[in-house]
Amino acid sequence: MKSRVRVIAGAALALAVIGGTAGITLARDNDHTLYRADVMAGVTSPYTGTANPIRGINGGGAPWVIADSEIRVRTSGRVDVEVEGLVIGPGGPAALVGINPAPLMKVRVSCLSTDAAGAATVNVESETFPVDAAGNGKARVHVDLPSPCYAPIVFVANAAGAWFAVSGA
């Protein structure tokens, strides 16, 4: 009898946990704003290169600066991003300071989420969008956000995925 009670109690607990996890979903039907920012910071030492990735995402190989930005991430996965003056900064190759040598960039969104093992960092990325040599670009892109998506961080990265600017400065 005790083992039968334990099995029933275990099953009830499992259903409660599964039901509770299933209830944590994004409100995709209403397309709410999940995250909005108008401040980004360019990658600087010690985050350039592979030495100190943020949530598993490596920085670009040189320092970058950004003059202005606007970001909006919606629960549907739509991301609107605008960057101005995203260029190589002081300390980068002298011939490239003040220039954007990456004509195509992408948006990477990093979320704290869950998986079968528990807490997880999930990084998703968009298709590329054009950015001119002055570092100006605007895009409306889509990413497949995990659900839940806690504490999102938005990166603007090169086509290979190394970030040049990050939200939350």
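Before any of the text, the structure's been laid out above.
Residues numbered from 1 in each chain as written. Predicted model: local features only at pLDDT ≥ 70, side-chain atom pairs only at ≥ 80, totals over all residues. Heavy atoms only, no water.

(A) Structural view of the sheet that holds strand β5 (residues 78-84). The four strands are arranged β1-β4-β5-β10 in an open sheet whose pairing can be described as antiparallel. Of all strands in the sheet, those bounded by a partner on one side alone are β1 (33-37) and β10 (137-142). Across the sheet, the mean angle from the axis of one strand to that of its neighbour is 5°, orientation sign disregarded. Bridge count for β1 against strand β4 (residues 68-74) is four bridges, and the pairing is antiparallel. Note on β4: the bridge partner recorded for Tyr35 is Val73. (Pairing = 2+ DSSP bridges. Helix = DSSP H or I, 4+ residues; strand = E, 2+ residues; numbered from the N terminus. Axes fitted to C-alpha atoms, helices over the stretch in contact; angles between N-to-C directions.)

(B) Region of the structure containing the pattern of salt bridges. By the definition in use, this model includes five salt bridges. Between Asp31 and Arg74 there is a salt bridge; the shortest N-O distance is 3.8 Å. Of this pair, Asp31 sits in the loop between α1 (2-22) and β1 while Arg74 is found in strand β4, placing the two residues 43 residues apart along the sequence. Judged by its relative accessible area of 22%, Asp31 is partly exposed. We note a salt bridge from Arg140 to Asp80, for which the minimum N-O separation is 2.7 Å. Linking Arg140 in strand β10 with Asp80 in strand β5, this pair joins segments that are 60 residues apart in sequence. Linked by salt bridges that have partners in common, Arg78, Asp80 and Arg140 make up one network. (Salt bridge = Lys/Arg side-chain N within 4 Å of Asp/Glu carboxyl O. Buried < 20%, exposed > 50% of the residue type's maximum accessible area, 1.4 Å probe, protein only.)

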